[in-house]
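Coordinate analysis (summary)
Each chain is listed here by its residues.
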Amino acid sequence: MSAPTVLVVDDDPGVRRALDRALRLEGFVTRLAAGGDEALRAVADRPPRVIVLDMTMPGTDGLAVIRALRGQGDTTPICVLSARDGLDDRVEGLQAGADDYLVKPFQTPELVARLHALLRRSAPVAVGVREVGPLRVDRRRHRVWVDGDELELTAREFALLACLADHAGAVLSRGQLLELVWGYDFAVNTNVVDVFVGYLRRKLEADGRPRMIHTVRGEGYVLRP
């Protein structure tokens, strides 16, 4: 298999050089962009396999890049690098469509592991339609309905809901969901599962619909009607 291409986006030339060297040594093919507009042009010209994206840049910042790409339907995995370590900052980045969020300063081995996790297809892709009570999940077309009403989900929200639907009635731990949906097979200190469960609950429970994703204290989450 060819080496995966990673687009590194950062306005700091020192950071770009350091990441360029480190990721090349780890077997990646790197492309560099000094800002958001340059990154969007690079993706349009030749889409990478994964994007490493700084959040704080002059002009078109990282958040604007994420929203622009996701608004175009681009599902390229995005790992955010940011000095902003507040919960609101992480939630904002993930909610905009980022797949991972790593706070600066960081260790290169962790970044590399996270990039491989984003690239890994850890769960077998089921085809056809899965129905759980009023929920209908069509994996082939990436569409979801509840009580006949179609929901608009991001790619990551769909992947999480489809995973829960495939294991309906079974309690899945946060670790299991990180491995099945995000591809992490090592301990990660992140609340990304809880954040995305929150997103799904708001959409599934709109208009007074009953809860389907339940928390099992100390264990994880389970999908049941």
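Whatever comes next refers back to the structure up there.
The rules behind these values
The residue numbering used here restarts from 1 in each chain and proceeds along that chain's sequence as written. This being a predicted model, a pLDDT of at least 70 is required before a residue's local features are given, and a value of 80 or more before pairs of side-chain atoms are given or counted; all residues contribute to the totals for chains, interfaces and linings. Side-chain descriptors were evaluated using all non-hydrogen atoms of the structure, hydrogens and water having been removed beforehand. Only runs of H or I of at least four residues qualify as helices and only runs of E of at least two qualify as strands under DSSP, and these elements are numbered from the N terminus. Each residue gets one of three labels from its accessible area relative to the maximum for its type: buried under 20%, exposed over 50%, partly exposed in between, using a 1.4 Å probe on protein chains only. Each axis is a line fitted through C-alpha atoms, and for a helix only the stretch in contact is used; angles between axes span 0 to 180 degrees, taken between their N-to-C directions. In this scheme, roughly parallel covers angles under 35 degrees and roughly antiparallel covers those over 145, while 65 to 115 is roughly perpendicular and the rest are oblique. Note on convention: the crossing is left-handed when the near helix lies turned anticlockwise from the far helix by less than a right angle, right-handed when the turn is clockwise. Note on definitions: a residue-residue contact is assigned when non-hydrogen atoms from the two residues lie within 4.5 Å. In this classification, the charged set is Asp, Glu, Lys and Arg, the nonpolar set is Ala, Val, Leu, Ile, Met, Phe, Trp, Tyr, Cys and Pro, and all remaining amino acids, among them Gly, are polar. The aromatic pairing rule takes the rings of Phe, Tyr and Trp, using the six-membered ring of Trp, and pairs them if the centres are within 6.5 Å, calling planes under 30 degrees apart stacked, those over 60 edge-to-face and the rest tilted. In this scheme, Lys NZ or Arg CZ marks a charge over a ring once it lies within 6 Å of the ring centre and within 35 degrees of the ring normal. Each salt bridge in this description consists of a side-chain nitrogen of Lys or Arg and a carboxyl oxygen of Asp or Glu lying within 4 Å of one another. Buried Ala, Val, Leu, Ile, Met, Phe, Trp, Tyr and Cys residues that are joined via side-chain atoms within 4.5 Å together make up what is termed a nonpolar core.

1. Notes on unusual backbone geometry
A cis amide bond, omega -10 degrees, links K104 with the succeeding residue P105. With respect to the element layout, P105 can be found in the loop between β5 (100–103) and α5 (108–119). Here the phi dihedral of H142 falls at roughly 55 degrees; this positive angle occurs in a residue that is not glycine. Along the polypeptide, H142 turns up in the loop between β7 (135–138) and β8 (143–146). At D147, a position not held by glycine, the phi torsion is positive, near 55 degrees. The topology assignment puts D147 in the loop between β8 and β9 (149–151). A residue is classified by how much of its surface remains accessible, and D147, at 51% relative accessible area, is exposed.

2. Section: the packing of helix α6 (residues 155–166) against helix α7 (residues 174–182)
Where α6 meets α7, the axes come as close as 10 Å, and the angle between the chain directions of the two elements is 120 degrees. Comparing the axis directions of α6 and α7 gives the class oblique. Handedness of the crossing formed by α6 with α7: right-handed. Facing α6, whose interface residues are R156, A159, L160, C163 and L164, α7 presents L177, L180, V181 and W182. Split by residue class, the contact of α6 with α7 holds eight nonpolar, no polar and one charged.

3. Topic: the packing of aromatic side chains
In this structure the tally under the stated criterion is two aromatic pairs. Centre to centre, the rings of W182 and F196 are 5.6 Å apart; their planes meet at 65 degrees, and the pair counts as edge-to-face. Remark: F196 occurs in helix α8 (residues 192–204) and W182 occurs in helix α7; sequence separation between them is 14 residues. When sorted by exposure, W182 lands in the same class as F196, which is buried. Here the aromatic rings of F196 and Y199 are separated by 5.1 Å at their centres, their planes lie at 70 degrees, and the arrangement is edge-to-face. Taken together, the residues F196 and Y199, both in helix α8 and three residues apart, mark about one turn of the helix. Y199 carries the same exposure label as F196, and that label is buried. Taken together, W182, F196 and Y199 form an aromatic cluster joined through their ring pairs. We note R136 situated over the ring of W145; from NZ or CZ to the ring centre the distance is 5.9 Å.

4. Overview of the pattern of salt bridges
Counted by the stated rule, this structure contains 17 salt bridges. Taking the shortest distance from any N to any O, the salt bridge between D54 and K104 comes out at 3.2 Å. Note that D54 is positioned in strand β3 (residues 50–54) and K104 in the loop between β5 and α5, a separation of 50 residues in sequence. Since its relative accessible area comes to 23%, K104 is described here as partly exposed. Of the charged contacts, one joins E150 and R143 as a salt bridge, the two residues approaching to 2.8 Å between their closest N and O atoms. Accessibility expressed as a relative area gives 36% for E150, which makes it partly exposed. One salt-bridge network, in which partners are shared between bridges, spans D10, D54 and K104.

5. Brief notes about the nonpolar core
In this structure, L135, L160, W182 and I213 are the most contacted members of the largest nonpolar core, which totals 33 residues. Counting residues per element, the ones that place at least two in this core are β7, β8, α6, α7, α8 and β11 (220–223). It is α8 that provides the largest number of residues to this core, a total of eight residues. The contact partners of L160, leaving out residues within four places of it in the chain, are L177, V181, W182, F196, V197 and L200.

6. A look at the environment of T76
Position of T76 relative to the elements: it lies in the loop between α3 (62–71) and β4 (78–82). Judged by its relative accessible area of 10%, T76 is buried. Remark: the alpha-carbon pair of T76 and C163, spanning 87 residues in sequence, is separated by 20 Å. Beyond its immediate stretch of four places on either side in the chain, T76 contacts P48, R49, V50, I51, R70 and D99.

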